[in-house]
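One letter stands for each residue in the lines below.
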Amino acid sequence: MFCDHCGAKLSDDAVYCSNCGEKAKKVDLGKATSQEKPVFETASACVSPENAEARCEPLHTANSYQPLKGKTPKKKGVIFGVAAVTVAVLVFAAISLLGKNKPAPVVNNASNSVVSAEITSDGTAYVLVPGEAPIVIGGEVRQAVLSEDREHLIVLLDDGTLYVTDKAQSKRTTITDAAAFFEYTDIRNDGFFYSDIDNVVHRILFSDFSSVALGQFHYYVLAENTTSVIYCFENGDIYIMSCDAREGEKIGTFTRNVEFSAISDDGKISVWTAMNGDKETIYLHDGNEKIPLGEPYYSSTFIRTFFTKDHGILVVVSAFRESMWIKRSGQSPIRVQFDATLDSSHVFTNDLYITDMVSEDITSLYIDTASASGRDVHCVSLDGQREKILTNVRDYRVCNGRVVYIDKHDNLYLATLSGALVSDQKQLASAVDGFEMSRGGEYVYFMKDCADNAGTLFCYKIGAEEPLKVAEDVFADANDYYVWMQLYPSVDGSTLFFYQDMGREPVVYEEIGTLMRWDYGDAEVERIASCVVKDSLTSAIKGGLDADRLLFAKFDSTDSDYNVFEDWMYYNGEETVEVASDTVRR
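What counts as what
- Residues numbered from 1 in each chain as written.
- Predicted model: local features only at pLDDT ≥ 70, side-chain atom pairs only at ≥ 80, totals over all residues.
- Heavy atoms only, no water.
- Helix = DSSP H or I, 4+ residues; strand = E, 2+ residues; numbered from the N terminus.
- Buried < 20%, exposed > 50% of the residue type's maximum accessible area, 1.4 Å probe, protein only.
- Contact = heavy atoms within 4.5 Å.
- Areas by Shrake-Rupley, 256 points an atom, 1.4 Å probe, with all protein chains shown as cover.
- Pairing = 2+ DSSP bridges.
- Phe/Tyr/Trp six-rings, centres within 6.5 Å; stacked < 30°, edge-to-face > 60°.
- Lys NZ or Arg CZ within 6 Å of the ring centre and 35° of its normal.
- Polar contact = N/O pair within 3.5 Å; in protein donor to acceptor, adjacent residues only side chain to side chain.
- Core = buried A, V, L, I, M, F, W, Y, C linked by side-chain atoms within 4.5 Å.
- Salt bridge = Lys/Arg side-chain N within 4 Å of Asp/Glu carboxyl O.
- Patch = residues over 30% accessible without salt bridge, like charges linked within 9 Å, V, L, I, M, F, W, Y side chains within 5 Å.
- pLDDT = per-residue confidence, 0-100.

Helix and strand counts for the protein chain stand at 2 helices and 44 strands. Burial analysis of the protein chain (586 residues in total) assigns 54% to the buried set. The contacts of the protein chain with a sequence gap of at least 6 include a subset with a gap of at least 24, amounting to 44%. Only carbon and sulfur atoms are counted for the fraction: they give 47% of the accessible area of the protein chain, which is about 25500 Å².

Here's what the structure looks like:
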């Protein structure tokens, strides 16, 4: 058993704790960890009395690394005792609940994401991977992150020491003792980038821990899956460095206002815009050739770039130039000209988002342009032919040979889609405020009667007779023109997480609500927890959530320096356990 005062492990017949001297009480952690602490129904009730009068000022950002002041750890059960004992209890509690996990489901189109550590005020870091015991890193930790492949744990200490270890922390390779920070978005399975105290950017490869000092970047963009990078300096020189290179290759210069859009995983293809004089040009670098895309333009073009999963097809979209370019591997880019502003936020294919597809499976692309009463949807063939297939829609999604859209009268429709042919339209609902489609296309979620940032949520399963009503008073961000649904579906779409009773903590404007769960076909929704920080839900995978392996943060308090303290919870589909306490959102 464990001491309920300090958390020390005791023999089953102990009368007093050998660590703190308090009288021992037998604690059943299997029961205690599945119960939640008392929670509040509104965000304002979550504010501790001592912080009620705190001023509303910005939080420290992740890059400021300002020291925490004035935070005295609270005594909360077993959470704040001797550090080693605290770690042991949290890990024990997590393992106790993790043992009750259901078999891991088969999920499609999902892969791991990087996991950044949650750090307490005393510098202890917790790397939380759903379904696994917490990885606890002692010491004054400034940053820590686990790579997508779960092979490398990168740790930066407050004294500037940067090292790489494994999940078990069985071996450690020190990179430098003069690191300043790294970006969580700059971690790849083959390596990572960091900045030193002189603002010089370095690339580290995991294969041999070799380091390349690239200099003081003006701007840079990484490939999606590798450490291939395109970057530039204040003097206007533009370089690329592929993931297997040891030095950069100069590919161009600019006079002002350069913006990088993307670089391929192998580093051979990159796209950027640059102002030369008073005009902007889009450039495509392919191998050793720099190709201008279209004529120079007098204003920023807001381009977006999309690679297929195998990088066999590249699509470049320029909204204000009303153009898109399609480049297939080994071929010259094809320009497709439209007659209205393009929506550059996404490009669909006949089956999934273009970024989820391999090139050989794509037959058609779908993109929309501005119209008098909404958006017009176009089908574009890979040889550049286009045809308008829907007019004046408010919103649309394409997946697995189907299109779902809202027309200008707020009616929601489902139709079959084959190339440019739209058929078998079926009206799902009227007076619809907004909708989303599951990543696999089997479920459509939509909301009606939205007012005061809440509405009634429905779900339609493809092939069903009618939509099902999920719940009322479901949180959504809304204005006079658009509704942004705040829904969190599982990867397969059959389970949906959402919030009710959403409020805002007045000191730091943290959005906090009651987390709910609904499984398709259930008559009732399940309440998971209150005081949940809205943007904290994660299963550490891309493309959705694992409904039975979920982490989320509960708001705890703020201090006089406007730091937000949170308690991290693990939910296994049936029960909830605290896995890290009083971590700091800076």
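Back to the text.
It is worth spelling out the side chain of His152 at this point. Examined against the element boundaries, His152 turns out to sit in the loop between β5 (141–146) and β6 (153–157). In this structure His152 comes out as buried when scored by relative accessible area, which is 17%.

Summarising the sheet, strand β20 (residues 279–286) and strand β21 (residues 289–297) pair through 6 bridges and their orientation is antiparallel. In the strand pairing of β21, Tyr283 is matched with Pro292. Once β20 ends, the chain turns through 2 residues before running back antiparallel as β21, passing Gly287 with a positive phi of about 70°.

What follows covers the packing of aromatic side chains. By the definition in use, this model includes 18 aromatic pairs. One residue, Arg172, lies across the ring of Tyr163, its end atom 3.7 Å from the ring centre. Geometry around Phe435 places Arg397 over its ring, the cationic atom sitting 5.7 Å from the centre.

A few words now on the sheet that holds strand β32 (residues 421–429). In space, the 7 strands of this open sheet follow the order β26-β27-β28-β29-β30-β31-β32, with antiparallel pairing throughout. Whereas interior strands pair on both sides, the edge strands pair on one side only; in this sheet they are β26 (348–349) and β32. Examined bridge by bridge, strand β30 (residues 402–407) and strand β31 (residues 412–418) share 5 bridges and lie antiparallel to one another. For Val404, the partnering residue across the bridge sits in β31 and is Leu414.

Here 5 bridges tie strand β33 (residues 432–437) to strand β34 (residues 443–451), and the two strands are oriented antiparallel to one another. Bridge pairing in β34 places Gly434 opposite Met447. A loop of 5 residues connects β33 with β34, the two strands running antiparallel in sequence, and Gly441 in this loop sits at a positive phi of about 85°.

With that settled, consider the environment of Leu214. When you line up the elements, Leu214 lands in strand β13 (residues 211–215). Under the relative-accessibility criterion, Leu214 is labelled buried at 8%. Considering only alpha carbons, one finds Leu214 and Gly248, 34 residues apart in sequence, at a separation of 7.8 Å. In this structure, Leu214 is in contact with Phe193, Val201, Tyr231, Phe233 and Met241, ignoring residues within four places of it in sequence.

As a further point, take the side chain of His311. Topologically, His311 is positioned in the loop between β22 (303–307) and β23 (313–318). For His311, a relative accessible area of 17% gives the class buried. A polar atom in the side chain of His311 sits 3.4 Å from the backbone nitrogen of Asp265. Discounting residues that sit within four places of it in the chain, His311 has contacts with Asn225, Ser264 and Asp265.

Val315, Met324, Leu365 and Leu412 are the most contacted members of the largest nonpolar core, which has 34 residues in total. In this view, Leu412 contacts Val404, Tyr405, Ile406, Lys426, Gln427, Leu428, Ala429, Val432, Phe435, Val444 and Phe446; residues no more than four positions away in its chain are not counted. In terms of nonpolar packing, the next biggest core, distinct from the first, is built from 18 residues, Val508, Ala553, Tyr570 and Ala580 among them.

Quick look at the pattern of salt bridges now. Tallied over the full model, the rule gives 22 salt bridges. In this structure, the salt-bridge partner of Arg142 is Asp158, at a minimum N-O distance of 3.6 Å. Placement of Arg142 in strand β5 and of Asp158 in the loop between β6 and β7 (162–165) is noted, with a sequence separation of 16 residues between them. Looking at Asp158, the relative accessible area reads 39%, which means it is partly exposed. For Asp535, the salt bridge is made with Lys534, and the minimal N-O distance between the two is 2.9 Å.

For Phe209, which is not glycine, the phi dihedral falls at a positive 60°. Looking at the element boundaries, Phe209 is found in the loop between β12 (201–205) and β13. According to the relative accessible area criterion, Phe209 is partly exposed, its value standing at 30%. The phi angle at Tyr562 is positive, at roughly 65°, despite the residue not being glycine. Secondary-structure assignment places Tyr562 in the loop between β42 (550–558) and β43 (564–571). Note on Tyr562: relative accessible area 8%, which makes it buried.

It is worth spelling out a nonpolar patch on the surface at this point. Nonpolar side chains collect at one region of the surface, where Tyr481, Tyr482 and Trp484 lie side by side and expose about 400 Å² of accessible area between them. Positionally, Tyr481 belongs in the loop between β36 (468–478) and β37 (483–485). Taking the relative accessible area as the measure of exposure, Tyr481 reaches 75% and is therefore exposed.

Bringing the confidence of the model for the protein chain into the picture now. When the pLDDT values of the protein chain are averaged, the result is 83; 81% of them are 70 or greater. Scored below 50 in pLDDT, residues 18–23 shows 13 contacts in the model against residues more than four places distant or in partner chains.

Let us now look at the environment of His346. Mapping His346 onto the fold places it in the loop between β25 (334–337) and β26. Sequence separation of His346 and Arg397 is 51 residues, and the distance between their C-alpha atoms is 9.7 Å. Sequence-distant contacts of His346, that is, excluding residues within four places in its chain, are made with Phe306, Tyr353, Ile367, Asp368, Tyr396 and Arg397. Here the side chain of His346 touches Ser345 through a polar contact of 3.4 Å, side chain to side chain.

Attention now goes to the sheet that holds β6. Taking strand neighbours across the sheet as the criterion, the 5 strands line up as β1-β5-β6-β7-β8 in an open arrangement whose pairing is antiparallel. Each of the sheet's edge strands pairs with one partner strand only, and the pair in question is β1 (115–116) and β8 (172–176). Where β5 lies against β6, 5 bridges are found, and the strand directions are antiparallel. Paired with Val141 across the bridge in β6 is Leu157.

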